[in-house]
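Fold and geometry: a report
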Amino acid sequence: MRRYVIKRLGQAVGVLWAAYTVSFLVLNWLPGDPVTAMASAGMDSGDVDPTRLAALRHEYGFDKPVLVQYAEYLGRAVRGDFGDSVATGRPVTSTLADALPQTLQLTGAALLLAVLLGGGLAVVATYTSQRWVRQLLLSLPPLGVSVPTFWVGLLLVETFSFRLRWFPAFGNDGLKGLVLPALTLAIPTGAQVAQVLAKSLLTALDQAYVETARAKGAGRWRVHLRHALRNASLPALTVVGLLVGQLIAGSVVVETVFSRDGLGRVTAAAVTAQDIPLVQGVVVFGALIFVTTNLVVDLVYPLLDPRIVVASGRRAALA
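Since this is a predicted model, take the numbers as computed values, not measurements.

This part takes up the overall build of the chain. Helix and strand counts for the chain come out as 14 helices and zero strands. Here the chain holds 319 residues, and 40% of them are scored as buried. Taking contacts inside the chain between residues at least 6 apart in sequence as the whole, the part at least 24 apart equals 74%. With the model as given, the accessible surface of the chain reaches about 17,300 Å², and the carbon-plus-sulfur share is 66%.

Below you can see the structure in the form of structure tokens.
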């Protein structure tokens with residue numbers, strides 16, 4: 001188990017390093033100059049004092065070779081220091097800390113709704129004995145996956161805000177203001193969970209151990225939830241871990257549609273301003289949430305199926 005945990009931790013560190021490196025290279029290859037944009041502040045770039053530009057480039061380290069910038073920024077990032085925002089001058093960590101609570105609230109609520117809605121749909125669809133009901137329920141996840149997130153958001157706003165006036169259309173207005181944005185993110189995410197879990201459940205229900213449980217007198221509901229669902233949940237758990245990154249990316253669109261403050265709007269503004277330190281902070285933070293979630297998922301695997309650790313140990317011994 002120790003070797004299994006160490007291996008997963010090493011993979012998590014590798015993903016964080018790769019995310020930082022790729023974002024650094026991409027942002028430095030983009031055309032344009034963030035320092036010029038900051039110094040001009042709405043004026044014509046030709047009117048900006050070259051001396052001021054040189055001073056700002058020196059202050060942010062943009063006058064150094066790319067490899068030197070990379071080494072210095074990476075060293076500071078390891079200590080949790082991503083520098084100051086080029087656009088606002090505020091520390092990147094402070095900007096992210098201010099926007100973080102709203103985004104975590106949104107993505108957490110969306111993930112919970114996705115698991116409940118998607119998991120519930122998969123269980124009901126595979127449990128019902130009515131063939132037409134099963135086919136109807138199993139046809140819903142592909143529809144949910146194919147619908148664009150922004151279209152779902154606009155449809156929910158039109159229906160529940162403008163017509164029924166049940167929920168506010170914009171802003172961070174408490175719990176009521178969270179319902180529509182969270183549901184917008186949860187529908188496509190829950191549809192993917194339902195697809196994977198339903199397929200896994202149907203496969204598990206055809207296995208020999210399920211027939212054995214039935215032969216021993218286990219009830220249909222007990223067989224479905226205790227025997228089949230436990231084994232079928234592994235692929236769905238993997239999908240949930242991967243979907244965390246999708247939820248973070250989707251928050252950019254959802255927070256824009258619903259005019260919510262959070263990492264999504266911070267990211268959109270930072271990319272527009274080519275704010276390299278802030279964008280890198282957002283990318284690394286998003287990668288940190290992603291790898292942390294997947295690390296938790298990897299550590300939960302052995303609890304559901306201890307054979308995973310045994311198989312991992314055998315592969316390591318053969319290598």
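Glancing now at the side chain of threonine 189. Topologically, threonine 189 is positioned in helix α9 (residues 174–204). A polar atom in the side chain of threonine 189 sits 2.9 Å from the backbone oxygen of leucine 185. Apart from residues no more than four positions distant in its own chain, threonine 189 is found in contact with Ala114, Leu243, Gln246 and Leu247.

Counted under the stated rule, the structure contains two salt bridges. Its salt-bridge partner being aspartate 98, residue arginine 90 comes within 2.6 Å of it at the nearest N-O pair. Look at arginine 90 and you get partly exposed, because its relative accessible area is 36%. The class of aspartate 98 is exposed, set by a relative accessible area of 52%. The salt bridge partner of arginine 163 is glutamate 158, with a shortest N-O separation of 3.2 Å.

Turning to the packing of aromatic side chains, a few remarks are in order. Enumeration over the complete set of coordinates arrives at four aromatic pairs. Ring geometry for tyrosine 20 versus tyrosine 70: centroids 6.2 Å apart, planes at 45 degrees, classification tilted. With tyrosine 20 in helix α1 (residues 2–29) and tyrosine 70 in helix α4 (residues 66–78), this pair connects stretches of sequence that are 50 residues apart. By relative accessible area, which is 17% here, tyrosine 70 ends up buried. Put simply, the rings of Tyr20, Phe24, Tyr70 and Tyr73 touch in pairs and so form one group of aromatic residues.

Reading the values: rules and limits
Residues numbered from 1 in each chain as written. Predicted model: local features only at pLDDT ≥ 70, side-chain atom pairs only at ≥ 80, totals over all residues. Heavy atoms only, no water. Helix = DSSP H or I, 4+ residues; strand = E, 2+ residues; numbered from the N terminus. Buried < 20%, exposed > 50% of the residue type's maximum accessible area, 1.4 Å probe, protein only. Contact = heavy atoms within 4.5 Å. Areas by Shrake-Rupley, 256 points an atom, 1.4 Å probe, with all protein chains shown as cover. Polar contact = N/O pair within 3.5 Å; in protein donor to acceptor, adjacent residues only side chain to side chain. Salt bridge = Lys/Arg side-chain N within 4 Å of Asp/Glu carboxyl O. Phe/Tyr/Trp six-rings, centres within 6.5 Å; stacked < 30°, edge-to-face > 60°.

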